[in-house]
Amino acid sequence: MAYAIVHRDDLERTGNWALVRRSLGCNAFGVNLVEIPPGESIPEHDETARDQEELFFVVSGAPALVIDGEPHPAPPGTFARLDPAHRRTVRNDGPETASVLIVSAPTSSRYTPMEWA
């Protein structure tokens, strides 16, 4: 198939994670959507073993991106990019569920941007 279109409600799921990459058949990068209930967080980790650069986008809620132990408030619309070595988690201390899109790719993929971008 040359393309795939899936509504957020129809994505394959495991726990709080919507498996965007798997549902769309992405092979060049990872992408998932996580719903973090109040008082919860995703597992703290780094990406050194996989040499993955990660991008976080806060869709809704008001979580904190905790990078190397330092919390950074992240209201909706916040983007963050992290090199592999940084320890990271997303923690939701707010009163509503936070929705965060996470995209990752190996640093060796060496994306080539279009001239205008």
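Everything quoted here is computed from the prediction, not taken from an experiment. (Residues numbered from 1 in each chain as written. Predicted model: local features only at pLDDT ≥ 70, side-chain atom pairs only at ≥ 80, totals over all residues. Heavy atoms only, no water.)

(A) Just the overall build of the chain, in detail. The number of helices and strands found in the chain is one helix and nine strands. A compact globule built from 117 residues should have a C-alpha radius of gyration of about 13 Å, and the chain, at 15 Å, falls within 12% of that. The dimensions of the chain, computed from C-alpha atoms along their principal axes, are 40 × 35 × 30 Å. Each of the 117 residues in the chain was classed as buried or not, and the buried ones make up 34%. Contacts in the chain between residues at least 24 apart in sequence constitute 64% of all its contacts with a sequence separation of at least 6. Working note: accessible area of the chain is about 7,400 Å², and carbon and sulfur atoms make up 54% of it. Positive and negative side-chain charges in the chain, numbering 10 and 17 respectively, have mean positions lying 4 Å apart. (Helix = DSSP H or I, 4+ residues; strand = E, 2+ residues; numbered from the N terminus. Rg over C-alpha atoms; globule rule 2.2 N^0.38 Å. Buried < 20%, exposed > 50% of the residue type's maximum accessible area, 1.4 Å probe, protein only. Contact = heavy atoms within 4.5 Å. Areas by Shrake-Rupley, 256 points an atom, 1.4 Å probe, with all protein chains shown as cover. Lys, Arg positive; Asp, Glu negative; His and termini not counted. Charge placed at Lys NZ, Arg CZ, Asp CG, Glu CD.)

(B) Main features of the sheet that holds strand 2 (residues 17–18). Read across the open sheet, the six strands follow the order 1-2-3-9-4-7; overall the sheet is antiparallel. Each edge of the open sheet is held by one strand with a lone partner, namely strand 1 (13–14) and strand 7 (79–82). Bridging between strand 3 (residues 30–36) and strand 9 (residues 98–106) involves seven bridges; their strand directions are antiparallel. Directly across from Ile36, in strand 9, lies its bridge partner Ala98. (Pairing = 2+ DSSP bridges.)

(C) Inspection of the environment of Glu40 at higher detail. By the element assignment, Glu40 lies in the loop between strand 3 and strand 4 (52–60). Among the residues examined, Glu40 registers a relative accessible area of 39% and is labelled partly exposed. As a C-alpha pair, Glu40 and Ala98 span 58 residues in sequence and 9.7 Å in three-dimensional space. Dropping the residues within four chain positions of it, Glu40 is found in contact with Asn16, Val90, Arg91 and Asn92.

(D) Quick peek at the sheet that holds strand 8 (residues 88–91). Taken together, the three strands give an open sheet; going across it, the order is 6-5-8, and neighbouring strands pair in antiparallel fashion. The open sheet has two edge strands, strand 6 (70–73) and strand 8, and neither has a second partner. Averaged over all pairs of adjacent strands, the angle between strand axes in this sheet comes to 25°, irrespective of strand direction. Judged from the four bridges that link them, strand 5 (residues 64–67) and strand 6 form a sheet pairing that is antiparallel. Bridging from a neighbouring strand, Leu65 pairs with His72 of strand 6. (Axes fitted to C-alpha atoms, helices over the stretch in contact; angles between N-to-C directions.)

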